[in-house]
Amino acid sequence: MEKPLTKGFRPDGRPLTIKEYKKIGGYEALTKALKTMTPDEVLSTMRDATLKGRGGAGFPAGIKWEGVPDKDFLKSPRYVIADADEMEPGAFKDRWLMEANPHQMIEGMIIAAYAIQAEFSFIFIRWEYTEAQKCLRFAIGEAYGNNLLGNNILDSGFRLDMHVHVSAGRYICGEGTAMVEALEGKRAIPRSKSPRIVESGLWGRPTVENNTETFCNVPHIIKNGVDWYKSLSLSDEPGTKIYGVSGKVKRPGAWELPLGTTAREIIEEHAGGMWDGHELKGFLPGGASTDFLTSEHLDIKMDFESVQNAGSRFGTGTMIILDDKTCPVGMVHNLEHFFTHESCGWCTPCRDGLPWTTMILKALEDGEGRTGDLEQLKALTKMMAPHHTFCALAPGAMEPLESALKLFREDFERHISEKKCPWR
Amino acid sequence: MAVIYINNDPYEVQEGRSLLEVCLSLGFDIPYFCWHPAMHSVGACRQCAVKQFKDKDDKHGFIVMSCVTGTEDGMRISIDDPEVIEFRRGIIELLMTNHPHDCPVCDEGGECHLQDMTVMTGHVERHFRFKKRTYRNQNLGPFINHELNRCIQCYRCVRFYKDYAGGRDFDVFGIHNRIYFGRDKDGKLESEFSGNLVEVCPTGVFTDTTQYRHYTRKWDLQTAPSVCVHCSVGCDIIPGERYGTLRRIRNRYNHHVNGYFLCDRGRYGYEFINREDRIRSPLLVNNGKAAPIPEEAAYSQVSVLLSTGKTIGIGSPRASLESNFALKRLVGNDNFYAGISSSEFELTTLVIEIIKNSGLQIATLREMSESDAALIIGEDVSNTAPMMALALRQSIHQKRYEYTDKLGVPRWNALAVKQAGEFDQGPFYLATAGNTRLDGIATAAFKGTPDEIASLGSTTAKLIDGGGESEKIKKHHEFASKMAKDLENAARPVIVTGISQGSAEILKAAVNLALTLKSKGAGAKLAIVLPECNSLGLGLLGGKGGLDDALNLLRSGEAQNVLILENDIFRRIPTDVAEEALSGAKVVVLDHSPTATTDKADLVLPVGTYADCDGTLVNYESRTQRFFQVMSPSPGAVEPWRRLAAIAEALNTYDANSFPGRDSLTQWTNFDDVLATLVEEYPVFRPILDIAPPAAYRIAGMKVARQTHRYSGRTSIAANLNIHEQQPPEDVDAPFNFSMEGYHGEPPSSLIPRYWAPRWNSVQSLNKFQAEVGGKLIGGDPGRRLLKPKLNAGMQRYEIELKSFEPKEGAWFIMPIYEVFGSEELSAKSPPILSVTPKPYLVLSAKDAESLELENDSPLVLKIDGSEYNLKTKIELGVTDGTALLSVGLPGMKYVNLPSWGKIEKSFF
Amino acid sequence: MLTDNMKRDLMAELANSETTQSACIEAMQIVQKYVGWISDETIKDIAEFLNMTTAELDSVATFYNHIYRKPVGKHIIQVCDSVACWILGYEALLEHIKQTLAIGWGETTKDGLFTLVPIQCLGACDEAPAMMIDEKLYTKLDAAKFDEIVKTYRQETPENGKALN
């Protein structure tokens, strides 16, 4: 089983130096792209590879890149942004990738920039990832020193600068268009979805933005080819994936596995199964903004399509486990509290609907639930359904709530009838 | 055109507009908040949801926001689908979770868009049982009250204030459900367009502080269409009166002029009308003491005063056309003098000559906002014609569309257009005497003397024509070539100029530029700002000369008597000259407010303000607009023309040469009679007959009601005086009643007394009065232009001598600058405006200030022509060394003839 | 007042920025590193430096989590309150922290040493519960481990105190 993304990671967790990275084949893909491929060839390879974006939405990276207008259509600077703003509760994969091998992402970004002919790139990283920031800054310095960034990269005539932007902290910055606003030094309010940022992003110019893990895949695709890449997975969606598990499991952590590995294998084998005396009650398959699945879904393949067919979203691929000793209402309250706090305040349903949702959930937890509260929660999920809000934050927030109301209805009702949280 | 299906019925609609605009234009009611017809769609409030169906077999459909959905041929939507009705109700419920239930004590109550939309969506039962969020409010100055607990976060305020009006001291703070709209700290809002927040806010967060001090609900206001008198733009306004007090000014939409907005001078300048010191009774002056006398006695006095000797009349650029005409008619064409300085009179005549004969199109405000390049040459429009500055401000955004059009982003998608094109700003050039509030958006801003500005303009025109470099103004060559290139590349450039620097050369340079651009095929337009609301009307009426000529006659004794109409001549002529001229003459003054001139009169006859009268004004573009009486008749508030007709009547023995038109005045019984005589004598004014229906006009047999259908207290309106119901006053001059009786539907656009429609109590009901939302009013917008550009005019370019500025040792070249609050006479009498009016000051360069040992605010003495003026120092970057800028027209400041050379000394007082 | 060092750092940041506004978030973080929090006065100073108005900069400042617009202690204890830490019982830990330091959310200890704030998921869900003190991450916490950690900060205080001021 190949694990290209995590290959050569040091056991002590320290970052690979440029020398170490080169030793395991680092920057060979970039050399290949710059010396033997045209930007269009890189684009078509990426399109054929059908790499789905690893940030959560799963949009094919190659198609995204091809959306950048031709230079004939628009002569202007273009930008590449790496979304290293991992803030989805329960997600901890990008931090690992950046701390263990910062060059891998940098190489992916340079290839992307070459493909769309960008001259400037940003790594948008969250404030809290102080260790990753250090690793990246050091690696960028090494890359400049090795003629991999700056003017005339590897004597190809291509130039690219790279800058680390440390976010001042907001979950909404992970929304692609909001991130662009944040980079412009503004309040990170999401933008209109049309035009797309590949046409009009940073400072109104074409901008390609991808998740850390997505960029980490790029060098391997370019180096080893589409067929190889497709052979890595266990499903129709190619490549490997960094899966993670948190909650009351014996060995919480993250692992690179073929895309399409089953939830059961990930939870029971890699994470070592539940704590003794604890039963799996449900799990969020891809982070806080995905619907709950239950034990009956353990045998589904963990990929974008299969999870969607099961009624949830693959999201970041980092699972959060709910056990039978943990209150599902309390868990949902914790999630909604987070989303309420992170609403940007632009559109009505999210700004005013999320606080109300959280207040009701808190009332339930405090034993102050009333008849009608669950119907009100249901009504709120409708107000915050997809497309009813300006961006996807609130609909994402509704996913765990809506599914919990269905799957754990009895537990919600007991909070009202018993006038307390049965788990407390 | 496209066909779309709404609630299963087909409608033919215009493509390229948002679904919301289309539905509202068709007359459907869809609630909304964040969308504004002048600021378009951002998709924030999610209130305007409708159902869209994939095709006619799609029974389920999906909810979309109509403001951010375009129209496509064959599209099917439903406004009354149960699910979407419930969604819209749900949005209101969410907005209401924090909105206080304080409507009874809220100034917005009764004309609140949020109230209307709440009723419209049917949200009646509150399910939210938790605590509401509260905020601390800010003191935003004398114009605007802040009550943020009422906020529903539609973001309209900040979008207007920052994005539309360019203000930078107001913003949105915080995040999630603690969003705060305000300033970074307490303090007056700096923008001169802050008052629009009152109308832009869909609820009662921003309310009119001046109205609050004499509060009246919308339904208790007596209103009529009117026109702002505080500059030459002529914005349309709706003043509201109750119990003899003017309570407020609101916007009256005019597609070509002010659109949806007003400036704060226009909105808050009205309180001069409410002043206690208004002249309410005739005043006879004996030995320097003025005493009120009865009307009858006043007319016998007039007869006595004017019976012997030659009488001349002095008109006014702030009086209506009809009043000026009445005076001119009474004293005769040879004895009527325009009430403006002779130099201003000559400039005005030149302006008329240009508008008539240059063949150039004069730009409306709307055209300015849509121009793709602008040059403002020699006029600080942000202070002399603020709404024009607001329109010009929009022109820089035209460039954004270049890329967004290419991407297929619809122009109504304001958020996308802004974000895609924020860094694409159109060319915008300024050449002015001092710094202006538009400098911040300028591609480049030139500062110089009138001669330098004219030379720059002339050089630019020559460069566009392919001429070479001029040796004499080499230092401006770079500026001129950059500007020439940008203007030449524009398809719709606009050149804006004015006469406030007293320079004919600037005007000529502007005309040369516009003609040159026109000859290159561009749709170049011109606009010339004039000093006052009826400057152009007065100019078209003409006169024997200007004020200097009139006063010379009095000084020389060729004339003995003078009738002065609504004019404080001390604002236009040096004090000693005016005093000398008036001291030897018999002076009769007609005015509504005390001035330095009424102080020197032998007899003062009170007249009404614009709110007390009907009349016509001619704006800078020669657009003639009618204003109607708003206030019920009150003591002394008589139409000036009626006062003059009464004078004519009262004249028993008189010098026939002095009053050749006396007899025709005595024939007048109403306003239409005056108009008839006016257009007969001056055919140029004939379009006035078409701008508004005559007094005899009726709709369904009725006049239009000035009072609302729910005006309260009708039968006890004057119960403190008389418990019997009073007969409402009769209006013989206009098709309006001083009553709630009358027509309440939609009258012709010139007669719209207020915006109100079933289910739409707020100003948003304006949608119902427009042929198409955001477009023209039904039946066309009020007003007509008197002067049309001649085709193939073939006007020659003016010869302009290129000059550069030569400083003089020990002297400064003093140029006038204007203040939006304070430089205009009438608004400066309004206490709210007065409270923000600066003390007179002189602007100097840092170097000159240092050489004079002056710092900001330190006192100085300016000496010009033997007069001394005590001023405060103001140091600004960009001022040319050797020049200084004097704030003119401010209260407490005597008239100075400018530009002129003067001496400056440090003062110790 | 911006010190020369601050200005030097700001100029370096501006060199990498397309517009002055685009540097404003970094600029506030730079200055905050020197002075701990962003006062009204500091907002004004930075705004002037970036050719922005106070309102414009404060509008951005008040949006973000890590721009402190109120005074904070010498060290900021940021306790993760997100879902994985919640499942692993961070609430009990928080209760312990609040009692030990005698402060609640958003409060600063009397000695000015610690400010306690909640933080969103630190990306250490596999090692929950987690917290950061200033820029350092601590994981797999319990009451005893927290006490150990806090003790080291208390001991280090004098030197750090000098270094900061």
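Residues numbered from 1 in each chain as written. Chains lettered and ligands numbered in written order. Predicted model: local features only at pLDDT ≥ 70, side-chain atom pairs only at ≥ 80, totals over all residues.

Asker: Would you explain the overall build of chain B in this entry?
Answerer: Per the secondary structure count, chain B includes 28 helices and 37 strands. When the backbone C-alpha atoms are referred to their principal axes, chain B occupies close to 90 × 80 × 60 Å. For chain B, the proportion of its 909 residues judged to be buried stands at 57%. Looking at chain B alone, contacts between residues at least 24 apart form 74% of all its contacts between residues at least 6 apart. (Helix = DSSP H or I, 4+ residues; strand = E, 2+ residues; numbered from the N terminus. Buried ≥ 20, exposed ≤ 12 C-beta atoms within 10 Å, placed from the backbone. Contact = placed C-beta atoms within 7 Å.)

Asker: Explain the overall build of chain C to me, please; I cannot follow it from the model alone.
Answerer: Within chain C, the secondary structure is distributed over seven helices and four strands. For chain C, the sequential pattern of α-helices and β-strands runs α-α-α-α-β-α-α-β-β-β-α. Counting only C-alpha atoms and orienting by the principal axes, one finds that chain C spans roughly 50 × 35 × 25 Å. Here chain C, with 165 residues, has 45% of them falling under the buried criterion.

Asker: Got a minute to help me understand helix α16 (residues 450-464) of chain B in this structure?
Answerer: For an α-helix the count is 3.6 residues per turn, leaving residues at separations of three or four pointing the same way. Residue and element names in this part refer to chain B. Taking 1.5 Å of rise per residue, the 15 residues of α16 would be expected to cover 21 Å, and the 21 Å separating its terminal C-alpha atoms lies within 8% of that figure. For α16, a buried count of 15 out of 15 residues is recorded, marking the element as mostly surrounded by other parts of the structure. Note on α16: the residue one or two positions beyond its end, Gly 466, has a positive phi of about 95°. (Expected span 1.5 Å × (residues − 1).)

Asker: Could you clarify how one ought to interpret the interface of chain A and chain C in this entry?
Answerer: A common way to state how big an interface is: give the accessible area lost once the parts meet. The partner chain C presents 32 residues to the 40 residues of chain A that form the contact. Going through the elements one at a time, β3 (161-166), α8 (176-183), β5 (240-246), β6 (253-258) and α12 (328-342) of chain A are the ones with two or more residues in the side of chain A that touches chain C. Top contributing element to the side of chain A that touches chain C by residue count: α12 of chain A, with four residues. Each residue belonging to the side of chain A that touches chain C can be placed in one class, and the counts come to 20 nonpolar, 12 polar and eight charged. (Nonpolar A, V, L, I, M, F, W, Y, C, P; charged D, E, K, R; others polar.)

Asker: In this structure, what is going on with the interface of chain B and chain C? I would like to understand it.
Answerer: Counting from both sides, the interface comprises 10 residues of chain B and, opposite them, eight residues of chain C. Classifying every residue of the side of chain B that touches chain C by side-chain character gives four nonpolar, one polar and five charged.

Asker: Even after reading the chapter, I still don't get the sheet that holds strand β3 (residues 49-53) of chain B, so can you show me in this structure?
Answerer: Pairing between the strands of a sheet is mediated by backbone hydrogen bonds and can be parallel or antiparallel. Residues and elements named next belong to chain B. A sheet is described by the order of its strands in space; here five strands give the open sequence β2-β1-β5-β3-β4, paired in mixed fashion. Two strands bound the open sheet, and with one partner strand each, they are β2 (9-13) and β4 (62-65). Direction aside, the axes of adjacent strands within the sheet are offset by 40° on average. Pairing of β3 with strand β5 (residues 76-78), which is carried by three bridges, proceeds in the antiparallel orientation. Bridge pairing in β5 links Lys 51 to Ser 78. Here helix α2 (residues 82-96) sits on the sheet in contact with β3, β4 and β5, set at roughly 155° to β3. (Pairing = 2+ DSSP bridges. Axes fitted to C-alpha atoms, helices over the stretch in contact; angles between N-to-C directions.)

Asker: Got a minute to help me understand the pairing of strand β20 (residues 428-432) of chain B in this structure?
Answerer: Moving residue by residue along a regular strand, the side chains alternate between the two faces of the sheet. Residue and element names in this part refer to chain B. Among the five residues of β20, five are classified as buried, and the element is accordingly described as predominantly covered. Strand direction decides the pairing type here: β20 and strand β21 (residues 444-447), joined by four bridges, are parallel. Looking at the pairing, Tyr 429 lines up with Ala 444 of β21.

Asker: For this particular structure, what's the right way to read the environment of Ala 112 of chain A?
Answerer: All names here are of chain A. Residue position: Ala 112 is located in helix α6 (residues 102-116). For the pair formed by Ala 112 and Ile 125, sequence separation is 13 residues and the distance between their alpha carbons is 18 Å. When near neighbours in sequence (up to four residues on either side) are disregarded, Ala 112 contacts Trp 65, Val 80, Val 208, Asn 210, Phe 215 and Val 218.

Asker: I would appreciate a short explanation of unusual backbone geometry in the present structure.
Answerer: Glycine aside, the phi torsion of most residues is negative, and most peptide linkages are trans. Omega for the bond connecting Leu 898 of chain B with Pro 899 of chain B falls within 30 degrees of zero, at -5°, which places this linkage in the cis form. Residues Ala 128 of chain C and Pro 129 of chain C are joined by a peptide bond in cis, for which omega reads -10°. Summarising the element assignment, Pro 129 of chain C is placed in the loop between β2 (114-119) and β3 (131-133). Despite not being glycine, Glu 853 of chain B has its phi angle at roughly 60°, a positive value.

Asker: Explain the packing of helix α10 (residues 342-357) of chain B against helix α18 (residues 504-519) of chain B to me, please; I cannot follow it from the model alone.
Answerer: Axes are the key here: two packed helices are described by the angle between their axes and the distance separating the axes. Residues and elements named next belong to chain B. Contact geometry for α10 and α18: axes closest at 10 Å, N-to-C directions at 10°. By the angle between their axes, α10 is roughly parallel relative to α18. Along its contact with α10, which presents Leu 347, Leu 350, Val 351 and Ile 354, the element α18 presents Ala 504, Leu 507 and Val 511. (Parallel < 35°, antiparallel > 145°, perpendicular 65-115°, else oblique.)

Asker: Explain the sheet that holds strand β7 (residues 280-284) of chain A here, please?
Answerer: Residues and elements named next belong to chain A. Reading across from one edge, β6-β5-β8-β7 is the order of the four strands in this open sheet, with mixed pairing throughout. The outermost strands of the open sheet, each flanked by one partner alone, are β6 and β7. Recorded for the sheet is a direction-independent mean angle of 30° between the axes of neighbouring strands. Looking at chain direction, β5 and strand β8 (residues 318-323) are connected through three bridges and run parallel. Along β8, the bridge assignment pairs Gly 244 with Thr 318. Relative to β5, helix α5 (residues 93-100) is tilted by about 120°, and along the sheet it contacts β5, β6 and β8.

Asker: Please explain the confidence of the model for chain C as it appears in this structure.
Answerer: The predicted structure's coordinates, where accompanied by low pLDDT, should not be read in detail. Residue and element names in this part refer to chain C. Confidence in the prediction for chain C averages 93 pLDDT; 95% of positions are at 70 or higher. Across chain C, element-level confidence peaks in helix α4 (residues 54-61) with a mean pLDDT of 98 and bottoms out in helix α7 (residues 143-164) with 76. Counting interchain partners and residues more than four positions distant, the pLDDT-below-50 stretch residues 158-165 has two contacts. Across the assembled chains, the prediction reports ipTM 0.96 with pTM 0.97. (pLDDT = per-residue confidence, 0-100.)

Asker: Got a minute to help me understand helix α13 (residues 348-365) of chain A in this structure?
Answerer: For α13 of chain A, which comprises 18 residues, the first-to-last C-alpha distance of 26 Å matches the rise-based estimate of 26 Å (1.5 Å per residue) to within 8%. Two residues or fewer after α13 of chain A comes Gly 367 of chain A, characterised by a positive phi angle close to 80°.

Asker: How should I be thinking about the environment of Glu 809 of chain B in this particular structure?
Answerer: Mapped onto the fold, Glu 809 of chain B is located in the loop between β31 (784-785) and β32 (812-817). The spacing of Glu 809 of chain B and Gly 882 of chain B is 73 residues in sequence and 8.3 Å in space, taken between C-alpha atoms.

Asker: What should I look at first to understand the pairing of strand β1 (residues 75-80) of chain C in this one?
Answerer: Residue and element names in this part refer to chain C. Within β1, six of the six residues are buried, which leaves the element mostly enclosed by the surrounding structure. Along β1, one buried face is formed by His 75, Ile 77 and Val 79 and the opposite face, lined by Ile 76, Gln 78 and Cys 80, is buried too. Here β1 runs beside β3; their pairing, made up of three bridges, is antiparallel. In the sheet register, Gln 78 faces β3, and the bridge partner there is Met 132.

Asker: Quick question: what am I supposed to make of the nonpolar core here?
Answerer: Most often, soluble globular proteins have nonpolar side chains that are buried together. Counting 441 residues, the largest nonpolar core has Ile 110, Ile 111 and Ala 112 of chain A together with Met 387 and Met 388 of chain B as the members making the most contacts within it. No other element matches α6 of chain A, which puts 10 residues into this core. In this structure Ile 111 of chain A touches Ala 29, Leu 30, Ala 33, Val 42, Val 218, Pro 219 and Ile 222 of chain A, once residues within four positions along its chain are discounted. Of all hydrophobic cores here, the second largest spans 23 residues; its members include Met 815, Val 843, Ala 849 and Ala 884 of chain B. (Core = buried A, V, L, I, M, F, W, Y, C linked by C-beta atoms within 7 Å.)

Asker: Explain the packing of helix α2 (residues 28-36) of chain A against helix α9 (residues 212-231) of chain A to me, please; I cannot follow it from the model alone.
Answerer: Residues and elements named next belong to chain A. The N-to-C vectors of α2 and α9 enclose an angle of 60°; their axes lie 8 Å apart at closest approach. α2 and α9 meet at a crossing whose hand is left-handed. Seen from α2, the contacting residues are Glu 28, Ala 29, Leu 30, Lys 32 and Ala 33; seen from α9, they are Pro 219, Ile 222 and Lys 223. Looking at the contact of α2 with α9, its residues break down into five nonpolar, no polar and three charged. (Left-handed = near helix turned anticlockwise from the far one by under 90°.)

Asker: Would you explain the environment of Phe 338 of chain A in this entry?
Answerer: Relative to the helices and strands, Phe 338 of chain A is located in helix α12. On the basis of neighbour count, Phe 338 of chain A is assigned to the buried category, with 25 C-beta atoms found within 10 Å. The spacing of Phe 338 of chain A and Thr 358 of chain A is 20 residues in sequence and 9.2 Å in space, taken between C-alpha atoms. Ignoring anything within four residues of it in the chain, the contact list for Phe 338 of chain A reads Pro 89 and Ala 288 of chain A together with Ser 82 and Gln 120 of chain C.

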